[in-house]
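# Per-entry structural report
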Amino acid sequence: MSELTEVTRQQARPGVRLQRCAVAALLALALLLVPLVTNDYTQYVVNSILVYALAAVGFNVVLGYLGQLAFANAAFFGIGAYTVALLMHYAALPFPLALGGSAVTGALVGLVVGLPALRLKGYYLAIVTLVFGELMRWAYVHGGDITKGSGGLPVPEAAMFGVVADTDKAKYYVILAVVAAVIWSTNRILRSRVGRAFVAIRENELACASLGISPGRYKVIAFVWSGLVVAVAGGLFAILLGRISPESFNLHQLLLHFAIVMIGGIGSLVGSIMGAVLLTAAPEILRNFPGLEEIIFSLLLIAVLLFLPRGLAGLAARLVPALKERLYRE
Amino acid sequence: MLFQLVLSGIAQGSIYALVALGMTILFRATTIVNFGHGEFFMLGAFLVYVLLHVVGLPFLPAALLAIVLMFLLGMGLERGLFRPMGESAPHISLAMMTVAFSFLFRGIARLFWGREVYPMPSVFSYPPIEVAGLIVTSQDLIIAGTTLLLVLLFFVFFRYTRLGRLAQATSQTARGASLVGINVPLVHGGMWGTAAAIGAIAGILVAPITLLYPDMGGQILIRSFAAMTLGGFGHLGGAVVGGLLMGVMEQLAGGYISTALIDIFAFLVIIVVLLVKPSGLFGRREAAHV
């Protein structure tokens, strides 16, 4: 049924479809050419933007689309990073397999976090997931010889198809390919029956259950997918930094993801990407002033909560109606 | 060893109880769970530090002034951040606002005090009291005494005073309360102020026995969540009993099993309680509103 309407919609407006293809092609070309205009440092910043955009997209699935106050994102991120680092460091697995491993681990951990979410709502879920993140951080610190404690683990350089990604420009293409593929799949899921079920649960859980949409099943699916996406982002983060330590996955990391989702626009994938561009570039500028970053993020968050409930994406949609996303009720 | 551990657990637990008490009072009046309560605790301690060392006030006036300032800050937060969001603001947004202001205060503290730790001189320098081989410091006694006093005060306030009943009515139905002529914003503002002041009192009492640093609120927040969860969310007595139990169990686990366990004990308590009996020891099961 939904496929049918999709087809008729496309046939009715071939011009729009062509226009979209052109925009997408131009965007892809621009993204591929980025390394031509960057130096090592700006390339590193662009790479981090991609990683954080992916982490925020995964967070948004649960926070924005499913509407659950779950704070396990830094935990998923850390688990993905540690999985990649451990698999590459000890098992000497090639990078693509290690990243696959972090996706599987992330999905399993998403399942573990998703199951309590069936019983717990609102604040209780927020507290449990917050605690889960801190518990994981404790585990990294007390992991003995395996995680190397607070000193952290070195991550070997990623190699793909015989090419070693040892520069930031080479890493860029690896990261871009993975991030684009995962964001694209997330978008497909969110626009499918499953994604509409997430939004329906957010709007009214009881009504969903009475219509035969099982809230429990779709909540678990959302958590599993969110865990997978964020763990993959964490795996890319490990490659990007070349060394990971427990302190990379503390409450500060959580604030960054949270701020990206909220300021970019809750319940909007484009918003998460915009938020990542804005907020990932900022810490680089503010690095020399401890505390300033937190102050600016929190002031932006407060401003968004008071004046722009839909964040940057909402603002953009107001200016350019074509950007409006249908899954959010105004 | 057992009695000494229990004793120091009670002293430690009184602090958790005091912080949990502040959160519970706010929760009961406004149904907001304040993720920024740890920052009231941190700011209270730092305010006293500034008033003592920069302004040069003696301890007692400094502490009183800090408490008054924190009360005003709490009222200001309600007026500036929460009232504009409206009565019908979803719980998620309100919780996010508390997260936002907590990081704001943390950032401000970091801007001034960087990443170092600041020792505060002990205020009450009476020698520790020794009874039958057990050692109790005067600081511990003062903390436990203040907690007990405040608990009694709030019990009386909520149960027997007109203002306390107004606060309770407001939390049950803000709309209904305003229909019968209760000034709902004023009640909420007062409760925010009270919560901030209690948080600050806890911070001021603890400051001399711990060190001051901008992130000190985070640790105490999680332990207070554990105390509230254990006692039953929103239950005044539950928060206190939960806090004391948390303190004692933490010390026992640290003393008999492993000191590394102290750091995560609160996490384990939260997870076990929420999975086994989410309503805690004294809480009632919530019914869903359709």
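Just so you know, these numbers come straight off a predicted model, no measurement behind them.

The next thing to look at is the overall build of chain A. Helix and strand content of chain A: 16 helices and four strands. Taking 20 Å as the expected radius of gyration for a compact globule of 330 residues, we find that chain A reaches 20 Å, a close match to that expectation. A burial count over chain A gives 48% of its 330 residues as buried. Expressed as a percentage of contacts within chain A between residues at least 6 apart in sequence, the contacts between residues at least 24 apart total 78%.

The next point concerns the overall build of chain B. Helix and strand counts for chain B stand at eleven helices and four strands. Taking 2.2 N^0.38 as the reference for a compact globule, 290 residues should give roughly 19 Å; the C-alpha atoms of chain B span a radius of gyration of 19 Å, in line with that estimate. Looking at chain B residue by residue over its 290 residues, the buried ones come to 49%. Intrachain contacts of chain B at a sequence separation of at least 6 include 76% that bridge at least 24 residues.

Let's shift gears to unusual backbone geometry. In the Ramachandran plot, A:Lys148 falls in the positive-phi region, its phi being about 60° despite a non-glycine side chain. If you trace the backbone, A:Lys148 turns up in the loop between helix H8 (144-147) and strand E1 (153-154). Judged by local crowding, A:Lys148 falls into the partly exposed class, with 18 C-beta atoms found within 10 Å. In the Ramachandran plot, B:Thr31 falls in the positive-phi region, its phi being about 55° despite a non-glycine side chain. Here B:Thr31 shows up in the loop between helix H1 (2-30) and helix H2 (37-55). In this structure B:Thr31 comes out as partly exposed when scored by C-beta crowding, with 15 C-beta atoms within 10 Å.

Here we come to helix H6 (residues 162-172) of chain B. Residue and element names in this part refer to chain B. Within H6, the full set of buried residues consists of Ala-167, Thr-170 and Ser-171. Taken down its axis, H6 places every buried residue within 95° of arc, on the same side. In H6, the exposed positions angled more than 90 degrees off the buried face are occupied by Arg-162 and Gln-172. At its buried positions, H6 is contacted by H1, helix H5 (138-160), helix H7 (174-179) and helix H8 (184-206).

With that out of the way, let us pick up the environment of A:Val51. Residue and element names in this part refer to chain A. By secondary structure assignment, the location of Val-51 is in helix H3 (residues 40-65). Given 25 C-beta atoms within 10 Å, Val-51 falls into the buried group. Here the alpha-carbon distance between Val-51 and Cys-21, two residues 30 residues apart in the chain, equals 25 Å. Val-51 has contacts with Ile-175, Ala-233, Leu-236, Phe-237 and Leu-240, leaving out every residue within four places of it along the chain.

Within the largest apolar cluster, 201 residues are counted, with the highest numbers of intra-cluster contacts made by A:Leu54, A:Val232, A:Ala259, B:Leu21, B:Val48 and B:Ile270. In this view, B:Ile270 contacts A:Ile127, A:Val128, A:Val131, B:Phe225, B:Ala226 and B:Thr229; residues no more than four positions away in its chain are not counted.

Before going further, it helps to examine the interface of chain B and chain A. With 36 residues of chain B in contact, the opposing surface of chain A contributes 31 residues. For the side of chain B that touches chain A, the secondary structure elements donating two or more residues are helix H4 (91-113), helix H9 (216-231) and helix H11 (260-276) of chain B. In terms of residues, the side of chain B that touches chain A owes the most to one element, H4(B), which gives 16 residues. Here the residues of the side of chain B that touches chain A sort into 26 nonpolar, six polar and four charged.

A word on the packing of H3(A) against helix H13 (residues 251-264) of chain A. Residues and elements named next belong to chain A. Interaxial distance between H3 and H13 falls to 9 Å at its minimum, and their mutual angle equals 70°. Classified by the angle between their axes, H3 and H13 sit roughly perpendicular to one another. Across from Tyr-52, Ala-55, Ala-56, Phe-59, Asn-60, Leu-63 and Gly-64 in H3, the residues of H13 making contact are His-257, Ile-260, Val-261 and Gly-264. Partitioning the contact of H3 with H13 into residue classes produces seven nonpolar, four polar and no charged.

Time to look at the packing of H9(B) against helix H10 (residues 236-256) of chain B. The description of two packed helices rests on the angle between their axes and on the distance between the axes. Residues and elements named next belong to chain B. Relative orientation of the contacting elements H9 and H10 amounts to 120°, with a least axis distance of 7 Å. Here H9 is positioned oblique relative to H10, judged by the angle of their axes. In terms of crossing hand, the pair formed by H9 and H10 is right-handed. On H10, the residues touching Arg-223, Ala-226, Ala-227, Met-228, Leu-230 and Gly-231 of H9 are Gly-238, Ala-239, Val-241, Gly-242, Gly-243, Leu-245 and Met-246.

We now examine the environment of B:Ser171. All names here are of chain B. Examined against the element boundaries, Ser-171 turns out to sit in helix H6. Judged by C-beta crowding, with 20 C-beta atoms within 10 Å, Ser-171 ranks as buried. As for Ser-171 and Gly-114, which are separated by 57 residues in sequence, their C-alpha atoms are 39 Å apart. Those residues in contact with Ser-171, other than ones at most four positions away along the chain, are Arg-28, Ala-29, Thr-30 and Thr-31.

So, on to H2(B). Between its first and last C-alpha, H2(B) extends 26 Å over 19 residues, near the 27 Å set by a 1.5 Å rise per residue. Of all the 19 residues making up H2(B), 15 are buried; the element is thus mostly covered by neighbouring parts of the structure.

Residue and element names in this part refer to chain A. Examined against the element boundaries, Val-164 turns out to sit in strand E3 (residues 163-165). We classify Val-164 as exposed; it has 12 C-beta atoms within 10 Å. For Val-164 and Phe-95, which are 69 residues apart along the polypeptide, the C-alpha to C-alpha distance reads 10.0 Å. Contacts of Val-164, omitting those with residues within four sequence positions, involve Glu-157 and Ala-159.

Residue and element names in this part refer to chain B. For chain B, per-residue confidence averages 85 on the pLDDT scale, and residues scoring 70 or more make up 94% of the total. Strand E2 (residues 129-131) is the least confidently modelled element of chain B, averaging 71 in pLDDT, while helix H3 (residues 59-82) averages 94, the highest of any element. In the predicted assembly, ipTM is 0.85 and pTM is 0.86.

Predicted coordinates in areas of low pLDDT are best not read in detail. Residue and element names in this part refer to chain A. With 92% of its residues at a pLDDT of at least 70, chain A reaches an overall mean of 86. No element of chain A has a lower mean pLDDT than helix H1 (residues 2-12), at 47, and none a higher one than helix H12 (residues 215-241), at 95. Segment residues 1-10: pLDDT under 50, and two contacts once partners within four positions in sequence are set aside and those in other chains are kept.

Rules used throughout
Residues numbered from 1 in each chain as written. Chains lettered and ligands numbered in written order. Predicted model: local features only at pLDDT ≥ 70, side-chain atom pairs only at ≥ 80, totals over all residues. Helix = DSSP H or I, 4+ residues; strand = E, 2+ residues; numbered from the N terminus. Rg over C-alpha atoms; globule rule 2.2 N^0.38 Å. Buried ≥ 20, exposed ≤ 12 C-beta atoms within 10 Å, placed from the backbone. Contact = placed C-beta atoms within 7 Å. Arc of directions from axis to C-beta. Core = buried A, V, L, I, M, F, W, Y, C linked by C-beta atoms within 7 Å. Nonpolar A, V, L, I, M, F, W, Y, C, P; charged D, E, K, R; others polar. Axes fitted to C-alpha atoms, helices over the stretch in contact; angles between N-to-C directions. Parallel < 35°, antiparallel > 145°, perpendicular 65-115°, else oblique. Left-handed = near helix turned anticlockwise from the far one by under 90°. Expected span 1.5 Å × (residues − 1). pLDDT = per-residue confidence, 0-100.

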